Amino acid sequence: VTTTAPAPETTAAVTTQAATEATTLPVTEPATEATTVPEPVPEHYWLSFAGDCTLGTMYQLYDIASCFPSYVGEDYDYPFAAVQPWFATDDFTMVNLEGPLTNEGTPAEKSYCFRGDPKLAAILPAGSVECVSLANNHSEDFGPVGYENTQKALDGVGVAYAGNGETILYETDRGLKIGMLAVAFYIDHEEMAEKIVSLKEQGAQVVVVSFHWGNEGYFNHTYDQSWYAYAAIDAGANI
């Protein structure tokens, strides 16, 4: 992402030649100030995005040694270790957090129902992840209680988040203001446009719309997904 900031103005001094003969009255031209404005200096920012990250497993398998929670234990650096050359050196990293972080709630009646311990939220800052989307089909696998506990866990480790249809404004350490709209599947296109415009009005220099898309088992996007993507771009989304 490249933005431009105006460079400081520089003023060129203007010299005036006075009359040299004492016998004549001095004639001076009115002093003028010549101001030149150099071209803006580009500023470069690096934003990283990754897909589904389930910090847990199917709740029925939670205590099996080969599953994620038991395998990771308290080695919170491990899950994102291989991508640290990118995540640790960029300005902003966002992933899709697919599954609640909770020890409470009632599991949903579905084929795949995920859960992770709230302490596993520490994996995100350890992996240099600044922001997550909660707009997906597993965030509420353990109902409203599980979803609320997930939010508390993220707040506790300082990771920003947005749920379905929600927006956030995030400012990076170097001052870039990123606006994000998270969408689980589809959203009314007029509502989407209004939220994108609102993020711009709040000062977002880059607007990201994160859709949780993709049909299971297929590798191509659908017509509807293309339509919504172009509608987001037309409304002012950058990514």
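Quantities reported herein were computed from a predicted structural model and do not represent experimental measurements.

The rules behind each value
- Here the residue numbers are simple positions, counted from 1 along each chain's written sequence.
- Local features in a predicted model are, by the rule used here, given only for residues with pLDDT of at least 70; side-chain atom pairs are given and counted only at 80 or more, and totals for whole chains, interfaces and linings are based on all residues.
- Side-chain numbers here rest on the full set of heavy atoms in the structure, without hydrogens or water.
- Helical segments are the DSSP runs of H or I of at least four residues, strand segments are the runs of E of at least two, and each set is numbered from the N terminus.
- Exposed residues in this analysis have more than 50% of their type's maximum accessible area, buried residues have under 20%, and partly exposed residues fall in between, with area computed by a 1.4 Å probe over protein chains only.
- Contact between two residues is taken to exist if any of their heavy atoms lie within 4.5 Å; hydrogens are not considered.
- Note on areas: Shrake-Rupley, 1.4 Å probe, and residue coverage restricted to the protein chains presented here.
- Note on definitions: salt bridges are taken to be side-chain nitrogens of Lys or Arg within 4 Å of carboxyl oxygens of Asp or Glu.
- All axes are obtained by fitting lines to C-alpha atoms, using only the stretch in contact for helices, and the reported angles, taken between N-to-C directions, cover 0 to 180 degrees.
- Less than a right angle of anticlockwise turn of the near helix away from the far helix marks a crossing as left-handed, whereas a clockwise turn marks it as right-handed.
- Three classes are used, and their members are as follows: Ala, Val, Leu, Ile, Met, Phe, Trp, Tyr, Cys and Pro are nonpolar, Asp, Glu, Lys and Arg are charged, and the others, Gly among them, are polar.
- The rule for pairing is simple: two strands pair if DSSP sees at least two bridges between them.
- Look down the strands so they point away from you; if the path from the first strand over the helix to the second goes clockwise, the crossover is right-handed.

**Thoughts on the overall build of the protein**
When helices and strands are tallied, the protein shows 6 helices and 13 strands. Split into buried and exposed, the 239 residues of the protein put 40% on the buried side. Within the protein, counting contacts between residues at least 6 apart in sequence, those at least 24 apart form 74% of the total. Accessible area of the protein: about 13900 Å², with a carbon and sulfur share of 53%.

**Some details on the pattern of salt bridges**
Within the structure shown, the criterion is met by 4 salt bridges. Asp141 serves as the salt-bridge partner of Lys110, at 2.7 Å between the closest nitrogen and oxygen. Of this pair, Lys110 sits in the loop between strand S7 (92–97) and strand S8 (114–115) while Asp141 sits in the loop between strand S9 (131–133) and helix H4 (143–157); the two residues are 31 residues apart in sequence, bridging distant segments of the chain. Asp141 sits in the buried class, given a relative accessible area of 1%.

**Details of the packing of helix H5 (residues 189–201) against helix H6 (residues 223–235)**
Angle between the axes and distance between the axes: these two values describe a pair of packed helices. Interaxial distance between H5 and H6 falls to 9 Å at its minimum, and their mutual angle equals 35 degrees. The crossing of H5 and H6 is right-handed. In contact with His189, Met192, Ala193, Ile196 and Val197 of H5, H6 contributes Trp227, Tyr228, Ala231, Ala232 and Ala235. Partitioned by chemical class, the residues of the contact of H5 with H6 number 9 nonpolar, 1 polar and no charged.

**Details of the pairing of strand S12 (residues 177–183)**
Along S12, 6 of the 7 residues are buried, which leaves the element largely enclosed by surrounding structure. Once strand S11 (residues 167–171) ends, the chain turns through 5 residues before running back antiparallel as S12, passing Gly175 with a positive phi of about 95 degrees. Two elements, S12 and strand S13 (residues 206–211), share 6 bridges in a ladder whose sense is parallel. Among the inter-strand pairings, Ile178 is bridged to a residue of S13, identified as Val206. Between the parallel elements S12 and S13, the chain passes through H5 in a crossover that is right-handed.

Purely geometric stuff here, so don't read any function into it on its own.
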